[in-house]
Amino acid sequence: MAAQLRAAHRRARALAALALAAAGGLLAAATVGSGPAGAAGPVLRDLAEAKGSYFGTALTQSDLNNSTVTALAGTQFDVVTPGNEMKWDTTESSAGNFNFGPGDRIVSFAKAHSMRVRGHTLVWHSQLPSWVSNLPAAQVKAAMENHITTEATHYKGQLYSWDVVNEPFNEDGTLRTDVFSNAMGSGYIADALRTARAADPSAKLYLNDYNIEGLGAKSDGMYQLVSSLKSQGVPIDGVGFESHFIVGQVPSSMKANIQRFTALGVNVAITELDDRMPVPASAANLAQQATDYANVVNSCLAVSGCVGVSQWGVGDPDSWIPGAFSGYGAATMYDDTYQPKAAYNAVVTALGGNSSSSPSPSPSPSGSSSPSPSPSSSPSPSSSPTSGGAACRVSTQVNAWNTGLTENVTVTNTGATAVNGWQLTFTLPAGQTVNNAWNATVSPASGTVGATNLAYNASVPAGGSTGFGFQATHTGNAAPATGFALNGVACTTG
Ligand code: G2I
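Basis of the calculations
- Residues numbered from 1 in each chain as written.
- Predicted model: local features only at pLDDT ≥ 70, side-chain atom pairs only at ≥ 80, totals over all residues.
- Heavy atoms only, no water.
- Salt bridge = Lys/Arg side-chain N within 4 Å of Asp/Glu carboxyl O.
- Helix = DSSP H or I, 4+ residues; strand = E, 2+ residues; numbered from the N terminus.
- Buried < 20%, exposed > 50% of the residue type's maximum accessible area, 1.4 Å probe, protein only.
- Pairing = 2+ DSSP bridges.
- Disulfide = S-S within 2.5 Å.
- Lys, Arg positive; Asp, Glu negative; His and termini not counted.
- Contact = heavy atoms within 4.5 Å.
- Phe/Tyr/Trp six-rings, centres within 6.5 Å; stacked < 30°, edge-to-face > 60°.
- Lys NZ or Arg CZ within 6 Å of the ring centre and 35° of its normal.
- Core = buried A, V, L, I, M, F, W, Y, C linked by side-chain atoms within 4.5 Å.
- Near = heavy atom within 4 Å.
- Polar contact = N/O pair within 3.5 Å; in protein donor to acceptor, adjacent residues only side chain to side chain.
- Areas by Shrake-Rupley, 256 points an atom, 1.4 Å probe, with all protein chains shown as cover.
- Nonpolar A, V, L, I, M, F, W, Y, C, P; charged D, E, K, R; others polar.

Caption draft 1: Representation of the pattern of salt bridges within the structure. The final tally for this structure, using the stated rule, is eight salt bridges. K141 serves as the salt-bridge partner of E145, at 3.3 Å between the closest nitrogen and oxygen. Here E145 and its partner K141 are both found in helix α8 (residues 137–154), four residues apart, which amounts to about one turn of the helix. On the accessibility criterion, E145 (23% relative accessible area) is partly exposed. Residue classification places K141 among the partly exposed residues on the basis of a relative accessible area of 39%.

What follows is the structure, given as structure tokens:
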């Protein structure tokens, strides 16, 4: 970046910091002179850029009306992803009628703050107007190509990247069935990429999905697709790992997974990072969240083809999590009053900065930073059913043969509240390797593994049960798995 431009950024950010400080109330009192948005505090974008990386955030139109959010966004982050404004339901809500106003406003904000823009997203089964999903198959290709060409041409030269196709996979790594795959088979993806490249040759072209962050069936599906696209010469520059995590469940294979994708000759971007937990947040979970955020940033920094990390939303008030996962929240680096949390300090440290100049997390009125009664130990079901994850009981049933086995696992939520989104971690006996799973995604294949819910069985009511299973090979020890924990809380067995 030219020195002049950098100086202009700093001036703009100093002004933004002043605006933030002037926003009043608790926030201003706590951050003037020392906060992360203050001139003296660490700045994520500067630290990331010094490492040849970036730190981004998602912004929506309504965020642009919130001076606290815009000040923080324009100060701390150097990449913007429009949260909704470039999606099909906004940009072409009826056939051939395009509306780029909302997206343009995000791009203007980004330009004014010297931020790059990740375009999101051209082709997606969700937030898709019904006129598209109801098209006869014979008309889908033309509609898709016209949409891509018109939108990518409108933003030509202004975007760093496009998420050309979003979330194309099922959890088992097969291609999702939607209007596009129904009409064109898997070839719609190559067609979309080629169309986007023709419209805007300078934008990096990405495929973006969730639950592909670790090694597993779904990331295998993406890996095979990217490998095949590369071998056919289809334009693809990167894969976006959305990274919507549950606290304590960042896959241990994330770095290895980033490496295998970059070895195919594509970049990887962490595109929508958040890390949810039951709210009110416990001190233990906030500490774990800091570890999780640092793990993600470190995994990306460790692989040269991993270009940067974006968080999904600026702070907890801007996050989609509470609306989508009842009882969960506190998923970003900034709490309900935009105070930096331990996760922020951990990211600063991971980026090579000094977090001692930023304020330590303080309790907020909503309790998102409130300490748990006993942060060093798992809460017991009777005293605190929700603060550490979930209380649970697990039973297992193994059917083994000479070199293989199947194991069915039943998990009962013995806590007082529903679990919305779960991961059961457990340890496989030495020599067992999972090669197939049902009713959950199981990853990695051996050692300490995590079984993560699918969309349809994410919710387990208080007192309710859910089941999943897997097939594994073994080398003589066909004993059941041990050491079960549900969302980070140890389960009883039996
Ligand atoms: O769901 C989280 C993200 C998963 N990956 C792709 C992203 O594009 C997705 O973003 C979210 C937005 O953050 C939400 O804001 O996508 C959601 C829809 O799938 C967005 O939520 C929708 C609400 O469901 C609608 O009720 C609302 O009208 O936002 C719309 C616009 O505010």
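Caption draft 2: Seen up close, the sheet that holds strand β17 (residues 448–452). As summarised here, the arrangement of the five strands in space is β16-β17-β14-β20-β21, forming an open sheet in which the pairing is antiparallel. The strands lining the two open edges of the sheet, one partner per strand, are β16 (441–443) and β21 (489–490). For strand β14 (residues 423–427) and β17, the ladder comprises five bridges, and the chain directions are antiparallel. In the sheet register, L424 faces β17, and the bridge partner there is A451.

Caption draft 3: How the structure looks around the state of the cysteines. Going through the model one piece at a time under the given rule, you end up with two disulfides. Between the sulfur of C300 and that of C306 lies a disulfide, 2.0 Å long from S to S. In this structure the cystine formed by C300 and C306 twists about its S-S bond by roughly -100 degrees; its chirality is therefore left-handed. C306 shares its class with C300; the two are buried. Shown here is the disulfide that connects C392 with C491, its sulfur atoms set 2.0 Å apart.

Caption draft 4: Structural detail: the pairing of strand β9 (residues 306–311). Within β9, six of the six residues are buried, which leaves the element mostly enclosed by the surrounding structure. Strand direction decides the pairing type here: strand β1 (residues 55–59) and β9, joined by three bridges, are parallel. Pairing of G56 across the sheet is with S310, part of β9. In this sheet, β9 lies alongside strand β8 (residues 267–278) in parallel orientation, the contact comprising four bridges.

Caption draft 5: Seen up close, the side chain of D200. Residue position: D200 is located in the loop between α10 (187–199) and β5 (204–209). Within the buried set, D200 has no salt-bridge partner at all; the shortest N-O distance to an opposite charge, 6.5 Å, is to K156. When near neighbours in sequence (up to four residues on either side) are disregarded, D200 contacts A152, Y155, K156 and G157.

Caption draft 6: Representation of the packing of aromatic side chains within the structure. Per the counting criterion, the structure on display carries 16 aromatic pairs. With a centroid separation of 5.5 Å and an interplanar angle of 70 degrees, the aromatic rings of W320 and F325 are classed as edge-to-face. Aromatic rings pair up to connect W422, F426, F468, F470 and F484 into one cluster. Between the NZ or CZ atom of R116 and the centre of the ring of Y160, over which it lies, the distance is 4.4 Å.

Caption draft 7: Region of interest: the nonpolar core. In this structure, F55, W162, F180, I270 and M333 are the most contacted members of the largest nonpolar core, which totals 84 residues. In terms of residues, this core owes the most to one element, α10, which gives seven residues. With 28 residues, the next largest nonpolar core counts Y328, V394, L424 and L428 among its residues.

Caption draft 8: Quick look at the site of the ligand. Lining the immediate environment of the ligand, one finds 13 residues, of which K87, H120, E167, E272 and W312 sit closest. The side chain of Q127 places a nitrogen or oxygen atom 3.4 Å from an oxygen atom of the ligand. Measuring from a nitrogen atom of the ligand, one finds a side-chain N or O atom of E167 at 2.8 Å. About the coverage of the ligand: the protein hides 55% of its 620 Å² of free accessible area. When grouped by side-chain class, the residues that make up the shell around the ligand number three nonpolar, six polar and four charged.

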